[in-house]
Amino acid sequence: MRYFPSILVRLFNTISNIYWIIIYSNFRKKYEIDESFRFNGKLIQLYGEGSIRTGVDSYIGALSTLQAAKGYAIDIGSFCSISHNVRVYTQSASPDYDFSIKDRPQKCGDVTFGDYCWVGANVFINPGVAIGNNSVVGANSVVTKDIPPFEIWGGVPAKLIRKKRAIE
């Protein structure tokens, strides 16, 4: 009788794993997700009527969200590492307008990740941002503007920390 709870836990974990495999399979059908793209954990959400495209051998971590509003796109390059609890939005409320207005303007724009990007945990990426090839976004950052290639950015809002060193 003492093994009964562990059997229930294993059964629950198996059912949970199957559930997320089905969810991620549906994301692959709805969006242009490369077959080598990895959903690295559970509770990853992709939603919206826009487009989401991924390159080869990239991944996204658990608890992350990609939101592609109608008419906008999220493009993730090849060999990108997007950590856990990362939020990427193509549409957001514009803070400059009166929130009591029913049809207030929205801040919208495509979000692009170049190849070989590394995005740390707990990062928020605003609409309309482009992250350049081989760049790094430090953990806990809020990205409000474009990040050039081969640069390391971090903070709230994210700012240039330094340019990447060339390896000889």
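That block above? That's the structure.
Cut-offs and rules
- Residues numbered from 1 in each chain as written.
- Predicted model: local features only at pLDDT ≥ 70, side-chain atom pairs only at ≥ 80, totals over all residues.
- Heavy atoms only, no water.
- Helix = DSSP H or I, 4+ residues; strand = E, 2+ residues; numbered from the N terminus.
- Buried < 20%, exposed > 50% of the residue type's maximum accessible area, 1.4 Å probe, protein only.
- Contact = heavy atoms within 4.5 Å.
- Core = buried A, V, L, I, M, F, W, Y, C linked by side-chain atoms within 4.5 Å.
- Salt bridge = Lys/Arg side-chain N within 4 Å of Asp/Glu carboxyl O.
- Pairing = 2+ DSSP bridges.
- Patch = residues over 30% accessible without salt bridge, like charges linked within 9 Å, V, L, I, M, F, W, Y side chains within 5 Å.
- Areas by Shrake-Rupley, 256 points an atom, 1.4 Å probe, with all protein chains shown as cover.

## Overview of the side chain of N126
Move 1: Topologically, N126 is positioned in the loop between β13 (124-125) and β14 (130-131).
Move 2: Overall, N126 belongs to the buried group, its relative accessible area being 7%.
Move 3: Ignoring anything within four residues of it in the chain, the contact list for N126 reads Y89, K107, V111, V142, V143 and T144.

## Considerations on the nonpolar core
Move 1: Judged by nonpolar contacts, the single largest core of 33 residues is most densely connected at F39, L46, I74, F113 and I125.
Move 2: The dominant element in this core, judged by the number of residues it contributes, is helix α1 (residues 4-30), at four residues.
Move 3: With residues near it in sequence (within four places) discarded, I125 still touches R87, V88, Y89, V111, F113, V119, I131 and V143.

## Remarks on the pattern of salt bridges
Move 1: Applying the stated criterion to the full structure yields three salt bridges.
Move 2: Among the ionic pairs, K30 bridges to E49, the shortest N-O distance being 4.0 Å. Linking K30 in helix α1 with E49 in the loop between β2 (45-47) and β3 (51-54), this pair joins segments that are 19 residues apart in sequence.
Move 3: Here K163 and E151 are joined by a salt bridge, their closest N and O atoms 3.0 Å apart. Pair noted here: K163 is in strand β18 (residues 159-163) and E151 is in strand β17 (residues 151-154), with a separation of twelve residues, a long-range link.
Move 4: The class for E151 is buried, based on a relative accessible area of 6%.

## A word on the sheet that holds strand β7 (residues 81-82)
Move 1: Spatially, the seven strands line up as an open sheet ordered β1-β4-β7-β12-β15-β17-β18, and their pairing is mixed. Among the strands making up the open sheet, the edge pair consists of β1 (38-40) and β18.
Move 2: With two bridges connecting them, strand β12 (residues 118-119) and strand β15 (residues 136-137) associate as parallel partners. The residue bridging W118 from the neighbouring strand is V136, located in β15.

## Thoughts on a nonpolar patch on the surface
Move 1: The grouping of L8, L11 and I15 at the surface amounts to a nonpolar patch, some 280 Å² of accessible area in total.
Move 2: Residue placement: I15 occurs in helix α1.

## Quick notes on unusual backbone geometry
Move 1: Put simply, V156 and P157 share a cis peptide bond, and its omega is -10°.
Move 2: Summarising the element assignment, P157 is placed in the loop between β17 and β18.
Move 3: Located in the positive-phi region is N122, a residue other than glycine, with phi close to 65°.
Move 4: Residue class for N122 comes out partly exposed when judged on its relative accessible area of 37%.
Move 5: The phi angle at N134 is positive, at roughly 60°, despite the residue not being glycine.

These values are about where atoms sit, not about what they do.
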